[in-house]
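Structural description and commentary
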Amino acid sequence: MRQAGRYLPEYQAVRKRAGGFLPMIDDPPTAAEITLQPVRRFDVDAAILFSDILVPLRAMGLELRVDDGRGPWFPRPLTGPTDIRALRLAAPAESMPEVGQALRLVRAGLPPGKALIGFAGAPFTLASYAIEGGSSPSHSKLRRLMYREPALYAELMDKLATVVGWHLQYQVECGADAVVLFDTWAGALTREDYLQHVVPWSRKALQPVSGLAPRLAFVRDGSHLLDDVVSLGVEGVALDWRTDIADAFARHGGRVALQGNLDPAALLASPEEVARRTRALLDAVGGRPGHVLALGHGVLKETDPECVAAFVQCAKERAPAGTAR
Ligand code: CP3
């Protein structure tokens, strides 16, 4: 999750040359270069494709803008059935060929033994961006649609789930070893609403890669939904930093791999403190199998790269002998 990004001077240099975020994503050699930057600098075990969860919405016909200081937004969000019906369902190889090209370039540049991770936004989170027009604290327009016009909500979610499933499958075909489904906003829901209005569509989105590659699911602020996220049938769950990882292992360690979950803001402390907290996290996991050490969300742009290095160094010191690294 934002392993590459604005905290890295080499990212800033490329961004300046490219003239913005979308031009970097849209140029496969540039996207591949950005993807490889953290692998080169930190020697992490996996690269995550440099792209964004909002790229498939653009491929469906929604104009996407990314402005400095504002982040990504859609100037003409979906307002009703006509807009929803106009969303295009196009095969990713035609509508997002730059994603496949970037993955192939990354694979070619990645040292042997390093994993390549693809990803997509889950239907609920994409629906929120498409309807609200940007990051929304309450998701009111989407929630209103969900409760008052369930058939239209289902029509939208079904289209999104179809495209997300194709997108994940396309990434695996182009060289991704594993995929992550990011449901950034689903943590705003109660369990009841999550089970009724989100789970069927997340399952549908994950289905095309079942058996093809390990699938991880992430729900930001989703501790209360953990049992239900595990029940999606994924091979792994990425935990947000507020979830107690020892408790998650006790409840689900036998069934799924668990990824996480250092607080990204902990990397704002000194490298010594980062190391102390990382060791404490590893102690809490206690060497149980199926742990993927990672942050519990993306690296903040104010982070000193030395602190990311301290985190990675701890992982290398503690990796049990003989594990595939
Ligand atoms: O981790 C990586 O290096 C891979 C690339 C990646 C990005 N976004 C690049 C990015 C991934 C996996 C994402 C996922 C993503 N994008 C999510 C899901 C994960 C999460 O964060 O919960 C969401 C919700 C988005 C939508 C999005 N894109 C937002 C809200 C923002 C603004 C962020 C901010 O801090 O202002 C982005 C822009 C974005 N996506 C950046 C990067 C590196 C910053 C772009 C820049 O200005 O240079």
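Residues numbered from 1 in each chain as written. Predicted model: local features only at pLDDT ≥ 70, side-chain atom pairs only at ≥ 80, totals over all residues. Heavy atoms only, no water.

Moving on: the overall build of the chain. Helix and strand counts for the chain come out as 16 helices and 9 strands. Computed over its C-alpha atoms, the radius of gyration of the chain comes to 19 Å, within 12% of the 20 Å expected for a compact globule of 325 residues. C-alpha atoms of the chain, sized along the principal axes, occupy 55 × 45 × 35 Å. For the chain, the residues scored as buried account for 54% of the 325 residues in total. Put simply, of all contacts in the chain between residues at least 6 apart along the chain, 70% involve residues at least 24 apart. Here the chain has roughly 14,100 Å² of accessible surface; of this, 52% comes from carbon and sulfur atoms. (Helix = DSSP H or I, 4+ residues; strand = E, 2+ residues; numbered from the N terminus. Rg over C-alpha atoms; globule rule 2.2 N^0.38 Å. Buried < 20%, exposed > 50% of the residue type's maximum accessible area, 1.4 Å probe, protein only. Contact = heavy atoms within 4.5 Å. Areas by Shrake-Rupley, 256 points an atom, 1.4 Å probe, with all protein chains shown as cover.)

This part covers the pairing of strand β8 (residues 257-262). In terms of burial, β8 is a largely internal element, 5 of the 6 residues being buried. Relative to β8, strand β7 (residues 236-238) runs parallel, the two sharing 3 bridges. Across the sheet, Ala-238 pairs through a bridge with Gln-259, a residue of β8. Crossover β7 to β8 through helix α14 (residues 245-252) is right-handed. Bridge count between β8 and strand β9 (residues 291-295): 5 bridges; the pairing is parallel. Bridging from a neighbouring strand, Gln-259 pairs with Val-292 of β9. Regarding the hand of the β-α-β motif, the stretch spanning β8, helix α15 (residues 271-285) and β9 is right-handed. (Pairing = 2+ DSSP bridges. Right-handed = clockwise from strand over helix to strand, strands pointing away.)

To continue, consider the pattern of salt bridges. Going through the model one piece at a time under the given rule, you end up with 24 salt bridges. We note a salt bridge from Asp-227 to Arg-251, for which the minimum N-O separation is 2.6 Å. Of the two residues, Asp-227 sits in helix α13 (residues 226-230) while Arg-251 sits in helix α14, which places them 24 residues apart along the sequence. In this structure Asp-227 comes out as partly exposed when scored by relative accessible area, which is 31%. Two residues, Glu-273 and Arg-276, come together in a salt bridge whose shortest N-O distance is 2.9 Å. (Salt bridge = Lys/Arg side-chain N within 4 Å of Asp/Glu carboxyl O.)

A word on the packing of aromatic side chains. All told, the structure shown has 5 aromatic pairs when counted by the stated rule. Taking 5.6 Å as the distance between ring centres and 90 degrees as the angle between the ring planes, the aromatic pair formed by Phe-21 and Phe-50 counts as edge-to-face. Residue Phe-21 is located in helix α2 (residues 21-26), and its partner Phe-50 is located in the loop between β1 (46-48) and α4 (55-59); the two are separated by 29 residues in the primary sequence. The exposure class of Phe-21 is buried, given its relative accessible area of 14%. Taking 5.7 Å as the distance between ring centres and 70 degrees as the angle between the ring planes, the aromatic pair formed by Phe-119 and Phe-182 counts as edge-to-face. On the criterion of sequence distance, the pair formed by Phe-119 in strand β4 (residues 115-121) and Phe-182 in strand β5 (residues 178-183) is long-range, its members being 63 residues apart. Each member of the pair, Phe-119 together with Phe-182, is buried. Here the aromatic cluster, defined as three or more aromatic residues joined through ring pairs, consists of Tyr-11, Phe-21 and Phe-50. (Phe/Tyr/Trp six-rings, centres within 6.5 Å; stacked < 30°, edge-to-face > 60°.)

This paragraph deals with helix α16 (residues 305-318). With 14 residues, α16 extends 20 Å between its outermost C-alpha atoms, agreeing within 8% with the 20 Å of an ideal straight helix rising 1.5 Å per residue. Looking at α16, one finds that the buried residues are Pro-305, Cys-307, Val-308, Ala-310, Phe-311, Val-312 and Cys-314. Contacts from the buried residues of α16 go to α1 (9-18), α3 (28-42), β8, α15 and β9. Two or three places before Glu-306, at the opening of α16, Asp-304 has a side-chain oxygen 2.9 Å from that residue's backbone nitrogen. (Expected span 1.5 Å × (residues − 1). Polar contact = N/O pair within 3.5 Å; in protein donor to acceptor, adjacent residues only side chain to side chain.)

Let us now look at the state of the cysteines. A full pass over the atoms with the stated rule returns 0 disulfides. A disulfide-free cysteine, Cys-314 has its sulfur positioned 11 Å from the sulfur of Cys-307, the nearest such atom. Judged by its relative accessible area of 1%, Cys-314 is buried. (Disulfide = S-S within 2.5 Å.)

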